[in-house]
Amino acid sequence: MMFGVGFRAAGIQSYILSGGALKDIAAGSEMIERLCTRDLAAGLAACGLPEKCIHFAAAGGFHLVGLEETEARRFARVWSLMVAERAPGLLHAVVVAQHDNPAGLIGQLQRRLDEQVRLPWPALPAASPISLRSARTGLAAVEETAFEGEPPEAVDLATQRRRQQITSGAGALEQAFALPEGHTFSRDSNAIALSGRNTAVAMVHIDGMGFGQLFRRFDAALQGHPQHVPWRKCLSEAVAAVVRTAARRAIAFFSAMWEARRLSNDGSPRTKSACITPPRTRTTSPKCSSSSRSLSLNSEPS
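One structure accompanies this document, and this report is about it. (Residues numbered from 1 in each chain as written. Predicted model: local features only at pLDDT ≥ 70, side-chain atom pairs only at ≥ 80, totals over all residues. Heavy atoms only, no water.)

### Describing the pairing of strand β3 (residues 61-67)
Move 1: Burial analysis of β3 places six of its seven residues in the buried class, which makes it a mostly covered element.
Move 2: Sheet topology note: the strand β1 (residues 2-10)/β3 ladder contains five bridges and is antiparallel. Note that in β3 the partner of Arg8 across the bridge is Gly61. (Buried < 20%, exposed > 50% of the residue type's maximum accessible area, 1.4 Å probe, protein only. Helix = DSSP H or I, 4+ residues; strand = E, 2+ residues; numbered from the N terminus. Pairing = 2+ DSSP bridges.)

Structure follows, in structure tokens:
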């Protein structure tokens with residue numbers, strides 16, 4: 001009998017946007033990204049678990065498999081504390097499941113996570129009426145501080161953690177999407193507004209677009225198949241590679257547009273074509289060790 005641990009964050013978009021200020025939204029994105037990468041690695045190290053127990057890990061969730069009962073329950077307790085400290089106020093579920101094979105264990109984790117995220121989230125007692133509150137969120141303030149020369153502001157616990165993320169210089173988004181040299185993700189809407197009328201503002205929106213349903217259909221089609229676990233991991237890695245490459249192409253496209261506009265405004269020769277297209281790049285997906293075969297997600301595996 002093997003044990004596993006499942007984690008899933010709920011309401012990610014609401015959590016990220018709850019900061020209000022651009023710098024807090026950007027920091028919220030990096031906090032979610034960091035949870036299932038560096039924070040997960042730190043949690044495993046603290047519990048003495050190897051990273052090979054990670055079945056999959058993506059922004060907002062992960063599965064750990066092949067653990068002993070004491071290891072699984074200890075990590076679940078430690079991870080709940082880490083999420084509360086690293087991303088205060090994030091709705092999430094942490095579950096422990098058991099089964100006699102990896103595929104069945106993954107199914108148990110998914111079902112328990114589906115059940116847990118639907119349950120009402122236990123909220124802390126409301127602050128008393130005389131408590132100082134954050135003007136942005138209305139939550140009880142934990143400190144009053146001035147951020148990078150701005151006027152002093154009362155901030156709640158989640159906002160305090162976001163500001164700490166900003167000053168830590170992590171730069172997870174810049175590293176993940178390989179910004180061209182000299183470009184950065186802006187974190188200050190006031191700086192954008194004051195930088196002049198020729199400022200170009202671009203937004204790249206990345207959404208799952210039903211990837212969760214795709215994985216559920218994949219699991220249903222491969223239920224009981226001996227290659228279920230390795231193929232699912234391969235699919236997860238391939239989706240991550242495709243999304244990252246698509247985001248980098250979009251950023252490169254906007255960067256090229258901005259550069260052409262800058263050269264045009266400086267009086268330099270205009271580009272030959274008025275239409276700038278993204279560079280053609282080929283997405284390299286992780287290769288599975290298993291033999292390649294066609295699979296319909298609407299039919300049972302042969």
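### Considering the environment of Asp100
Move 1: Counting through the fold element by element, Asp100 comes out in the loop between β4 (91-99) and α4 (102-118).
Move 2: Residue class for Asp100 comes out exposed when judged on its relative accessible area of 56%.
Move 3: When the C-alpha atoms of Asp100 and Met1 are compared, they prove to be 4.5 Å apart, with 99 residues separating the residues in sequence.
Move 4: For Asp100, the side chain forms a polar contact with the side chain of His99, separated by 2.8 Å.
Move 5: Side chain to side chain, Asp100 and Asn101 meet in a polar contact 3.0 Å long. (Polar contact = N/O pair within 3.5 Å; in protein donor to acceptor, adjacent residues only side chain to side chain.)

### Regarding the sheet that holds β1
Move 1: Judged by pairing direction, the sheet is antiparallel, and its four strands sit side by side in the order β2-β3-β1-β4 without closing on themselves. Each having just a single partner strand, β2 (54-58) and β4 make up the two edges of the open sheet. Pairs of neighbouring strands in the sheet enclose a mean axial angle of 10°, with direction left out of account.
Move 2: Where β2 and β3 come together, four bridges link them in antiparallel fashion. Each residue of the ladder has a partner; that of Ala58, found in β3, is Gly61.
Move 3: Strand contacts of helix α2 (residues 22-46): β1, β2 and β3, with the helix running at about 140° to β2, the strand carrying the most contacts.
Move 4: Set on the sheet, α4 makes contact with β1, β2, β3 and β4; between it and β4 the angle comes to about 145°. (Axes fitted to C-alpha atoms, helices over the stretch in contact; angles between N-to-C directions. Contact = heavy atoms within 4.5 Å.)

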